[in-house]
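Structural overview
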Amino acid sequence: MSAATEAPAAPPAEKLTKKVLTADHPTWCPGCGDFAVLAAFYKVLEKLQYPHEKIVCVAGIGCSSRFPYFVNSHGIHFIHGRALPLATGLSLSRPDVHVFVFGGDGDGFSIGGNHLNHAARKNVRLTYVIMDNFVYGLTKNQTSPTSPTGRKSKTDPQGSFDRPINPMKQLLASGATFIARTHAAQVAHMMQTFERAIQHDGFSVVECLSECVMFYPGAFDDGLPRKGGVFDVIDETAHDVKDDVAAFKLADAPAPGKFGVFYQVNRPTKNEKELNFIAETQAKLGGASQKDLLRKRFEVMR
Ligand SMILES: Cc1ncc(C[n+]2csc(CCOP(=O)(O)OP(=O)(O)O)c2C)c(N)n1
Ligand code: SF4
Ligand SMILES: [Mg+2]
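Just so it is clear, the model here is predicted, and its values are computed rather than measured.

Things to note about the overall build of the protein
Across its full length, the protein holds ten helices and eight strands. For 302 residues, the compact-globule formula gives about 19 Å, and the C-alpha radius of gyration of the protein, at 20 Å, lands near that figure. Projected onto the principal axes, the alpha-carbon positions of the protein cover approximately 65 × 40 × 40 Å. Expressed as a percentage of the 302 residues in the protein, the buried residues total 42%. The long-range fraction of contacts in the protein, counting pairs at least 24 apart against all pairs at least 6 apart in sequence, stands at 68%.

Structural notes on the sheet that holds strand E2 (residues 74-77)
Read across the open sheet, the eight strands follow the order E2-E1-E3-E4-E6-E5-E8-E7; overall the sheet is mixed. The sheet is open, and its two borders are formed by E2 and strand E7 (232-233), each paired with just one other strand. With two bridges joining them, E7 and strand E8 (residues 258-264) adopt parallel strand pairing. Pairing of Asp232 across the sheet is with Lys258, part of E8. Each of strand E1 (55-59), E2, strand E3 (98-104) and strand E4 (126-132) touches helix H3 (residues 83-93); the most contacted strand, E3, lies at about 175° to it.

Considering the site of ligand 2
What surrounds ligand 2 is the set Trp28, Cys29, Cys32, Asp34, Cys63, Asn133, Gly137, Leu138, Cys212, Val213, Met214 and Phe215. Looking at the shell around ligand 2, its residues break down into nine nonpolar, two polar and one charged.

Topic: the domain arrangement of the protein
Taken domain by domain, the protein holds domain 1 (18-267) and domain 2 (268-302). Taken over C-alpha atoms, the centre of domain 1 sits 34 Å from the centre of domain 2. Each partner contributes to the interface: domain 1 provides ten residues, whereas domain 2 provides six residues. Across the side of domain 1 that touches domain 2, the residue classes break down as three nonpolar, three polar and four charged.

Things to note about unusual backbone geometry
Note on backbone geometry: most residues besides glycine have negative phi, and most peptide bonds are trans. Here Ala255 and Pro256 are connected by a cis peptide whose omega angle stands at 5°. Mapping Pro256 onto the fold places it in the loop between helix H8 (244-250) and E8. Despite not being glycine, Gln49 shows a phi value in the positive range, around 55°. Tracing the backbone shows Gln49 in the loop between helix H2 (34-48) and E1. Residue Gln49 is classed as partly exposed on the basis of its 14 C-beta neighbours within 10 Å. The phi dihedral of Asn123 falls on the positive side, at around 55°, and the residue is not glycine.

Side note on the site of ligand 1
Lining the immediate environment of ligand 1, one finds 19 residues, of which Gly62, His80, Gly104, Gly106 and Gly137 sit closest. Secondary-structure elements contributing two or more residues to the shell around ligand 1 are E3 and helix H4 (105-111). By residue class, the composition of the shell around ligand 1 is seven nonpolar, ten polar and two charged.

A few points about the confidence of the model for the protein
Residue-level pLDDT values for the protein average 94, and 96% of them are 70 or greater. Across the protein, strand E5 (residues 178-183) holds the top mean pLDDT of 99, while helix H10 (residues 290-301) sits lowest at 89. Low pLDDT, under 50, characterises residues 1-5; the predicted model gives this stretch ten contacts beyond four residues in sequence or across chains.

Things to note about the pairing of E1
Where a strand is regular, its side chains alternate between the two sheet faces. The buried count for E1 comes to five of five residues, which makes it a mostly enclosed element. Burial of the side chains of E1 extends over both faces: Ile55, Cys57 and Ala59 are buried on one face and Val56 and Val58 on the other. In this structure, E1 lies alongside E3, joined through five bridges in parallel fashion. Paired with Val58 across the two strands is Val101, which belongs to E3. Bridge analysis of E1 against E2 gives four bridges, and the strand direction is parallel. Within E2, the residue paired with Val58 across the bridge is Ile76.

A closer look at the nonpolar core
Ranked by internal contacts, the top residues of the largest apolar core, which has 68 residues, are Cys57, Val58, Val101, Ile179, Val205, Cys208 and Phe262. Residue contributions to this core peak at six residues, all from H2. Leaving out residues up to four positions away in the same chain, Ile179 has contacts with Met168, Leu171, Leu172, Val205, Phe262 and Tyr263.

What counts and how
- Residues numbered from 1 in each chain as written.
- Chains lettered and ligands numbered in written order.
- Predicted model: local features only at pLDDT ≥ 70, side-chain atom pairs only at ≥ 80, totals over all residues.
- Helix = DSSP H or I, 4+ residues; strand = E, 2+ residues; numbered from the N terminus.
- Rg over C-alpha atoms; globule rule 2.2 N^0.38 Å.
- Buried ≥ 20, exposed ≤ 12 C-beta atoms within 10 Å, placed from the backbone.
- Contact = placed C-beta atoms within 7 Å.
- Pairing = 2+ DSSP bridges.
- Axes fitted to C-alpha atoms, helices over the stretch in contact; angles between N-to-C directions.
- Near = placed C-beta within 6 Å.
- Nonpolar A, V, L, I, M, F, W, Y, C, P; charged D, E, K, R; others polar.
- Domains from an automatic or database assignment.
- pLDDT = per-residue confidence, 0-100.
- Core = buried A, V, L, I, M, F, W, Y, C linked by C-beta atoms within 7 Å.

Printed below as a string of structure tokens:
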């Protein structure tokens, strides 16, 4: 278990309950899938009892990206698609906090897609939840990178011509070290998945199908047995989560696809490498302070 994921030495002064964690009244449309994601996050934090001053929630822009407003922790509502670079800096500079990033399919795979690739390949220690509703919700119904071909929207009134991305394949190629998929209406599964993601020492990412009842109602009913769909969970006795080729094949399953952990490996994090490098350099320089190190680095760059 890493320093960032270790339970605190002393129990938190105040027991972490939903009441303590609730910061504001969520402003999502009644019935939006994002409510369930928030409730599951509260419950998992309640179970893990992280001190809430040791949690940071970062987001870009979108309905889903309003998440940090509703959690009583540190939080930043940042620029559309730019949550990950900010979260990267935070994670690297504050090993004592757990950094969470929340956002939508547009924020993560469209404008923020490039940042996703780089934060993932660097294996920055953070947990990223992509609340995928297959649409731009906040801006009222445009085609997103995960919108199915043929779906009509304000930007594609005739139906989208384009092939959607396959989030699991994209994430596997990115170098993320924990990759999972869940459904906001499958609460127990969503909670288990979040818990495993949080406890992973590295870049953990969860795609969570979260229905936009306003602009794409019923989009994920095919993953719900009570609505006649199939919730097909990956059998980890048959799937080796370290096998990226096998994970890639699982990602080929037709809609609604497979759910669960596709891939998980341990690889040194950028956090760990940077901290080691700083400690070694400080030792070499006879206990130089971090400020001294910065000054020396700037001198080299002059
Ligand atoms: C730089 C920039 N470009 C575009 C926008 C407009 N914009 C705001 S949210 C958004 C997309 C939201 O979709 P998604 O990330 O899927 O979140 P959702 O609302 O569906 O949860 C766009 C295009 C913006 N705010 N800033
Ligand atoms: S527009 Fe869609 S995604 Fe946004 S709050 Fe409403 S239901 Fe949720
Ligand atoms: Mg969206």
